[in-house]
Amino acid sequence: DCIVTDPPYGVRAGAKKQGRVGEKAHREIQDLATYIPSKVSYEEEDLSRDLLSLAADALKDGGRLVFLVPVDLADFLGIDRAASERGGGP
């Protein structure tokens, strides 16, 4: 068994999930045939936790979960991004 995915990350990806916030959270659906569910932001931490939970429930023992985790290589290489953008060195 294996799950391979590339979940949306960051501000530009704008991950969303079905749901409502606040007082509008519980609303009776009048016509299910024409109902379009509302969407709310899906925070990166919640998305990751849900993905790991799904994998734990769905995969057999020894199964694999493969997903992209974006990183900024400048952090690992010790590059000062602000200085680089100004034309300076690392």
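The text that follows walks through the structure, step by step, so that each part is easy to find. Please read these numbers as outputs of a predicted model, since none were measured by experiment. (Residues numbered from 1 in each chain as written. Predicted model: local features only at pLDDT ≥ 70, side-chain atom pairs only at ≥ 80, totals over all residues. Heavy atoms only, no water.)

### What to know about the environment of Glu-44
And step 1. Positionally, Glu-44 belongs in helix H2 (residues 44–58).
And step 2. In the structure, Glu-44 is positioned 29 residues away from Ala-15 in sequence and 8.0 Å away in space, judged by C-alpha atoms. (Helix = DSSP H or I, 4+ residues; strand = E, 2+ residues; numbered from the N terminus.)

### Notes on a nonpolar patch on the surface
And step 1. On the surface, Val-69, Val-71, Leu-73, Phe-76, Leu-77 and Ile-79 cluster together into a nonpolar patch covering about 630 Å² of accessible area.
And step 2. Checked against the element boundaries, Val-71 lands in the loop between strand E4 (64–67) and helix H3 (73–77). (Patch = residues over 30% accessible without salt bridge, like charges linked within 9 Å, V, L, I, M, F, W, Y side chains within 5 Å. Areas by Shrake-Rupley, 256 points an atom, 1.4 Å probe, with all protein chains shown as cover. Salt bridge = Lys/Arg side-chain N within 4 Å of Asp/Glu carboxyl O.)

### What about the pattern of salt bridges?
And step 1. According to the stated counting rule, one finds two salt bridges in the structure shown.
And step 2. One salt bridge in this structure joins Arg-49 and Glu-45, with 3.6 Å as the shortest N-O distance. Here Arg-49 and its partner Glu-45 are both found in helix H2, four residues apart, which amounts to about one turn of the helix.
And step 3. Residue classification places Arg-49 among the partly exposed positions, given a relative accessible area of 44%.
And step 4. Residue classification places Glu-45 among the exposed residues on the basis of a relative accessible area of 58%.
And step 5. With a closest N to O distance of 2.6 Å, Arg-49 and Asp-46 form a salt bridge. Placement of both Arg-49 and Asp-46 in helix H2 is noted, with a separation of three residues, approximately one turn of the helix. (Buried < 20%, exposed > 50% of the residue type's maximum accessible area, 1.4 Å probe, protein only.)

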